[in-house]
Amino acid sequence: MSAVYITGIGSISSQKTFDNTEFLNEINTYTDNVISVVNPNYKEYIPAAAARRMAKGIKMGVVASRIALVDANINNVDAIITGTGMGCVRDSEKFVSAIIDNNEQYLTPTSFIQSTHNTVGGQIALGLQCKGYNFTYVHASVSFESALLDAQLQLENDEANTILIGGVDEHGDHTITIHKLINHIKSEKTDSTRILDSKTEGAIFGEGANFFVVSNQKQDSNYAEVIAVQTYNTLTETEVSRAAQLFLEDNNLSIDNIDAIVLGNNGDVKYDTFYNELSSNLFKDTQQVYYKHLCGEFNTASSFGVWLASKILKTQKLPEVVRLNKKSTSNFTTILLYNQYRGENHSFTLLRKC
Amino acid sequence: MSKGVAITGMGIISAIGNNVAENYQSLINGKKGISRVSKIDTIHKDDIMVGEIASTNLELEQQLGLTPDNNYSRTALLGTIAAKEAIQDAKIFDINAYKTGLVSATSVGGMDMTETYYYDYLENKSTQKYIEGHHAGDSTQKIAEQLGIEKSLVTTISTACSSAANAIMFGARLIKSGKLDRVIVGGSDCLSKFTINGFKTLMILSDTYNTPFDENRKGLNLGEAAAFLVLESDKVIATEKKEVLGYVKGYGNANDAYHQTASSENGDGATLAMQKALKVAAYTANDIDYINAHGTATGNNDLSEGRAILRVFGEEIPDFSSTKAYTGHTLAATGAIEAVYAILALKHNIIYPNLNFKTQMKEFDITPQLELKEKELHTVLSNSLGFGGNCSTIIFSKEQ
């Protein structure tokens with residue numbers, strides 16, 4: 001079986017992450033309950049006229065994938081696998097509201113076309129003229145991990161050599177409004193640096209696109225090796241620790257082998273308990289890392305976690321802003337990631353220094 | 001690479017039947033499920049026809065024994081019914097006895113409820129339960145829960161009209177790689193105002209019965225349906241001495257990389273998908289006995305797909321037909337619907353007629369199978385082509 005390496009990354013997030021020469025050098029802090037991305041200059045990558053027509057999700061996906069390809073020093077890939085929870089949700093909203101507001105009349109197809117979940121993946125393929133395998137996974141907080149798993153299986157079995165994978169989600173006004181109504185979004189504006197102390201329900205909603213080139217061929221540009229990824233539709237709080245142990249055992253690792261654990265805490269008092277289960281027990285002596293105060297919560301936010309872990313492994317630096325506890329770990333060889341959203345769709349991912 | 005993945009159960013609900021047996025009876029009796037829309041209040045009701053499932057949401061909820069406070073979209077209801085039939089058909093009594101996952105497909109998801117309560121959510125607390133049911137993964141989570149699948153791999157694919165074919169493909173890969181011992185794969189999509197109006201704006205809805213591969217085809221009829229297959233590893237088959245209905249022998253996925261909603265003139269993506277599937281199956285084109293075409297009856301699809309078939313099969317085109325005239329185009333579910341039909345074709349050695357065909361297309365001289373035909377079948381190739389240039393082919397076989 002071939003090994004799987006991350007050979008290029010591209011991130012558009014609420015931090016200035018699109019520049020691969022930096023690593024969270026400057027931190028943007030927020031005091032809101034919904035945060036947007038720091039936009040790169042899209043026109044550097046896409047003709048201005050085309051960029052104007054593109055939905056935000058498409059724009060972020062196309063540009064993040066372009067950055068990842070440049071980083072991996074390649075022009076094309078064998079396959080494109082995208083994860084997105086909601087697709088181009090603004091266009092979905094536009095089309096539904098137009099149907100209702102105009103009683104099904106005077107509609108144009110643009111927003112319907114862009115609302116299809118696989119639009120981002122299709123547009124990336126169109127731009128690259130990539131006729132290879134093209135999938136889009138849309139399963140809430142494991143959308144990105146499903147894409148990663150699919151790529152891993154194909155690369156391990158040499159069905160493909162180089163694959164572009166990514167997670168992308170954009171904000172939609174109506175979606176935000178109704179998710180505030182059901183307390184999935186914090187009702188109060190929250191200081192992003194203190195999000196874990198908020199003791200309130202809901203998360204700060206974010207958006208973004210994190211794309212990766214994964215390959216079964218080792219290159220100089222390598223960030224990390226993907227050892228394993230596993231998803232679970234259900235796990236109770238009491239089952240999380242056992243699941244983590246089994247996952248490590250399956251990969252011939254023990255807790256002591258883990259140099260850092262990257263956790264998806266989002267400050268939701270109701271569901272951060274899943275993370276606390278790991279951070280206060282099995283991994284209490286491990287360097288703990290968190291990131292959703294930097295990028296917000298969205299269906300594919302865990303792809304930012306993979307971006308972060310990749311950067312840590314390559315640079316061997318741990319930015320102060322992502323430390324959840326203070327340990328003296330300075331060598332990072334193996335990183336475990338754990339994420340879930342509202343107690344469902346859990347994932348464990350293991351990355352190793354190349 | 002060429003060893004097939006065993007299929008041990010299947011379930012379906014569509015406009016031509018509430019289960020596998022009813023669907024088969026309709027197929028061999030030439031009984032269409034196309035009618036005027038009755039369950040959606042749309043201004044287009046007199047100018048479109050659809051493949052609608054007879055049961056109301058309430059009837060489906062009662063059939064599943066759901067309490068009134070449930071927040072199931074119609075997509076979730078249909079999906080659960082079809083997936084439960086598949087489990088029963090595969091004679092699975094303890095779902096967690098083996099590592100079992102679920103890979104479903106949908107494009108509509110919970111849009112039927114979103115479009116109904118879009119503004120109502122803002123003032124009515126009682127409908128807000130559907131907000132969480134909107135995203136595409138929700139119906140899959142519910143189906144998994146209804147089947148008793150826990151702590152396992154459950155995911156959803158949405159690649160427009162090729163979605164369910166891709167769910168079958170990923171499922172087969174999960175079994176082959178040993179990630180899972182058993183996986184339920186398929187898809188579900190209900191009718192919605194969203195898709196009716198979307199396809200209406202693209203001007204590809206027929207105002208009458210759809211006519212695949214006909215020169216005068218006027219577009220597609222939208223349909224709603226759900227179907228699931230149970231795939232099991234050789235180890236499970238041997239241990240449980242299971243009856244095998246057929247095999248997922250080959251699969252191929254390619255992107256047309258041509259246009260967001262239209263297929264390339266010569267069907268580059270479809271050609272590649274069929275070629276890849278043949279390669280995975282270690283077949284040559286001659287090994288295919290029947291093609292269940294995507295055949296949506298839009299001007300663009302049937303021309304592009306027909307040309308792709310010619311490119312792959314040359315002079316010797318196997319019998320082919322589209323079953324969209326029976327069910328309508330069921331979007332993300334279609335790959336699973338037609339997978340069930342392919343396995344029934346293999347089982348009964350039957351090729352279904354391409355209904356409503358009158359006039360030969362002038363761009364080429366291939367003609368679909370027009371009458372029900374009995375023929376010894378060993379292999380069926382099934383195409384699913386979608387928006388975003390997504391092209392998928394699955395090959396089903398009788399022998400592993």
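Residues numbered from 1 in each chain as written. Chains lettered and ligands numbered in written order. Predicted model: local features only at pLDDT ≥ 70, side-chain atom pairs only at ≥ 80, totals over all residues. Heavy atoms only, no water.

(A) How the structure looks around the overall build of chain A. Regarding its fold elements, chain A presents 11 helices and 12 strands. Taking 354 residues into account, the globule formula puts the C-alpha radius of gyration at 20 Å, and chain A, at 19 Å, falls close to it. If you line up chain A on its principal axes, its C-alpha atoms span 60 × 45 × 35 Å. Here chain A holds 354 residues, and 67% of them are scored as buried. Within chain A, residue pairs in contact and separated by at least 24 positions form 78% of the contacts whose partners lie at least 6 positions apart. For chain A, the exposed surface amounts to about 12100 Å²; the carbon and sulfur share of it is 44%. (Helix = DSSP H or I, 4+ residues; strand = E, 2+ residues; numbered from the N terminus. Rg over C-alpha atoms; globule rule 2.2 N^0.38 Å. Buried < 20%, exposed > 50% of the residue type's maximum accessible area, 1.4 Å probe, protein only. Contact = heavy atoms within 4.5 Å. Areas by Shrake-Rupley, 256 points an atom, 1.4 Å probe, with all protein chains shown as cover.)

(B) Quick look at the domain arrangement of chain A. All names here are of chain A. Domain annotation for chain A reports domain 1 (5-215) and domain 2 (226-352). A separation of 21 Å is found between the C-alpha centroids of domain 1 and domain 2. Listed by partner, the interface residues are 49 residues for domain 1 and 47 residues for domain 2. Both faces considered, domain 1 and domain 2 share a buried interface measuring about 3900 Å² in area, 64% of it formed by carbon and sulfur atoms. Ranking the residues of domain 1 by area buried against domain 2 places Phe23, Ser141 and Leu196 at the top, with a combined share of 18%. (Domains from an automatic or database assignment. Buried area = accessible area lost by both parts, 1.4 Å probe.)

(C) Fine view of the pattern of salt bridges. Taken as a whole and assessed by the stated rule, the structure comprises 30 salt bridges over all chains. Across the salt bridge formed by Lys142(B) and Asp138(B), the nearest N and O atoms sit 2.8 Å from each other. Of this pair, Lys142(B) and Asp138(B) both sit in helix 5 (residues 137-147), four residues apart, which is roughly one turn of that helix. Each member of the pair, Lys142(B) as well as Asp138(B), is classed as buried. Between Lys218(B) and Asp207(B) there is a salt bridge whose closest N-O contact spans 2.8 Å. Taken together, the residues Lys218(B) in the loop between helix 7 (193-201) and strand 7 (222-223) and Asp207(B) in the loop between helix 7 and strand 7 connect sequence positions 11 residues apart. Looking at Asp207(B), the relative accessible area reads 37%, which means it is partly exposed. Residues joined in a network through salt bridges with shared partners are Lys131(A), Asp268(B) and Arg311(B). (Salt bridge = Lys/Arg side-chain N within 4 Å of Asp/Glu carboxyl O.)

(D) The arrangement of the interface of chain B and chain A in detail. Opposite the 64 residues of chain B that make contact, chain A presents 64 residues. Here chain B packs against chain A, burying approximately 5300 Å² in sum over the two surfaces, 62% of which is carbon and sulfur. Lys151(B) serves as the salt-bridge partner of Glu239(A), at 3.1 Å between the closest nitrogen and oxygen. Between the two partners, chain B and chain A, sit 29 residue pairs in polar contact (both at pLDDT 80 or more). Every element with two or more residues in the side of chain B that touches chain A is listed here: helix 4 (111-117), helix 5, strand 5 (154-157), helix 6 (163-176), helix 7, strand 9 (246-255) and helix 9 (268-281) of chain B. In terms of residue count, the dominant contributor to the side of chain B that touches chain A is helix 7 of chain B (seven residues). (Polar contact = N/O pair within 3.5 Å; in protein donor to acceptor, adjacent residues only side chain to side chain.)

(E) Focus on the packing of aromatic side chains. For the structure on display, the rule yields 23 aromatic pairs over all chains. Ring plane angle 10 degrees and centroid distance 5.4 Å describe the contact between Tyr117(B) and Tyr130(B), whose orientation is recorded as stacked. You can see Tyr117(B) sitting in helix 4 and its partner Tyr130(B) sitting in the loop between helix 4 and helix 5, a full 13 residues away along the chain. Counting every residue linked through ring pairs, the aromatic cluster contains Phe95(A), Phe112(A), Phe194(B), Phe199(B) and Phe387(B). One Lys or Arg, Lys59(A), reaches over the ring of Tyr42(A) and ends 5.1 Å from the middle of that ring. Its guanidinium or amino end placed over the ring of Tyr209(B), Lys32(B) lies 4.8 Å from that ring's centre, counting from NZ or CZ. (Phe/Tyr/Trp six-rings, centres within 6.5 Å; stacked < 30°, edge-to-face > 60°. Lys NZ or Arg CZ within 6 Å of the ring centre and 35° of its normal.)

(F) Region of the structure containing the packing of helix 6 of chain B against helix 12 (residues 334-348) of chain B. Residue and element names in this part refer to chain B. With their axes 5 Å apart at the nearest point, helix 6 and helix 12 run at an angle of 70 degrees to one another. It follows from the interaxial angle that helix 6 and helix 12 lie roughly perpendicular. Residue-level contacts link Ala164, Ala165 and Ile168 of helix 6 to Gly335, Ala336 and Ala339 of helix 12. Of the residues that constitute the contact of helix 6 with helix 12, the class distribution is five nonpolar, one polar and no charged. (Axes fitted to C-alpha atoms, helices over the stretch in contact; angles between N-to-C directions. Parallel < 35°, antiparallel > 145°, perpendicular 65-115°, else oblique. Nonpolar A, V, L, I, M, F, W, Y, C, P; charged D, E, K, R; others polar.)

(G) Region of interest: the domain arrangement of chain B. Residue and element names in this part refer to chain B. Taken as a whole, chain B is organised into domain 1 (5-240) and domain 2 (246-397). Of note, the centres of domain 1 and domain 2, computed from C-alpha atoms alone, are 21 Å apart. Of the residues lining the interface, 67 residues belong to domain 1; the matching set on domain 2 comes to 65 residues. Summing both sides of the interface, domain 1 and domain 2 together bury roughly 5100 Å²; the carbon and sulfur share of this comes to 69%. In terms of surface lost to domain 2, no three residues of domain 1 exceed Leu27, Cys161 and Phe213, which account for 17% of the buried area on that side. Residue Glu215 pairs with Lys362 through a salt bridge whose shortest N-O separation is 3.1 Å. Our count for the contact surface shared by domain 1 and domain 2 stands at 28 residue pairs in polar contact (both at pLDDT 80 or more). When contributions to the side of domain 1 that touches domain 2 are tallied by element, the ones reaching two or more residues are strand 1 (5-13), helix 1 (20-28), helix 6, strand 6 (182-189), helix 7, strand 7 and strand 8 (225-232). Looking at which element gives the most residues to the side of domain 1 that touches domain 2, the answer is helix 6, with nine residues. Among the residues making up the side of domain 1 that touches domain 2, the classes are represented as 34 nonpolar, 23 polar and 10 charged.

(H) Summary view of the side chain of Asp181(B). All names here are of chain B. Positionally, Asp181 belongs in the loop between helix 6 and strand 6. A distance of 3.4 Å separates polar atoms of two side chains, one belonging to Asp181 and the other to Lys235. With residues up to four places along the chain from it excluded, the contact list for Asp181 reads Tyr98, Lys99, Ile175, Leu231, Glu232, Ser233, Lys235 and Val236.

(I) Spatial organisation of the nonpolar core. If you look at the biggest cluster of nonpolar residues, it comprises 100 residues, and the most contacted ones within it are Leu229(B), Leu231(B), Val248(B), Tyr352(B) and Phe396(B). A per-element tally of this core places helix 12 of chain B first, with 10 residues. (Core = buried A, V, L, I, M, F, W, Y, C linked by side-chain atoms within 4.5 Å.)

(J) Seen up close, the packing of helix 3 (residues 89-101) of chain A against helix 7 of chain B. It is the contact of helix 3 of chain A with helix 7 of chain B, at a shortest axis distance of 10 Å, that shows an interaxial angle of 95 degrees. Between helix 3 of chain A and helix 7 of chain B, the angle falls in the class roughly perpendicular. Contacts from Ser92(A), Phe95(A), Val96(A) and Ile99(A) of helix 3 of chain A reach helix 7 of chain B at Lys193(B), Phe194(B), Asn197(B), Gly198(B) and Thr201(B). Residue composition of the contact of helix 3 of chain A with helix 7 of chain B, by class: four nonpolar, four polar and one charged.

(K) Representation of the sheet that holds strand 3 (residues 50-51) of chain B. Residues and elements named next belong to chain B. With mixed pairing, three strands are arranged side by side in an open sheet as 2-3-7. Of all strands in the sheet, those with a lone pairing partner are strand 2 (34-35) and strand 7, marking the two edges. The pairing of strand 2 with strand 3 spans two bridges and is classified as antiparallel. Bridge pairing in strand 3 places Ile34 opposite Gly51. (Pairing = 2+ DSSP bridges.)

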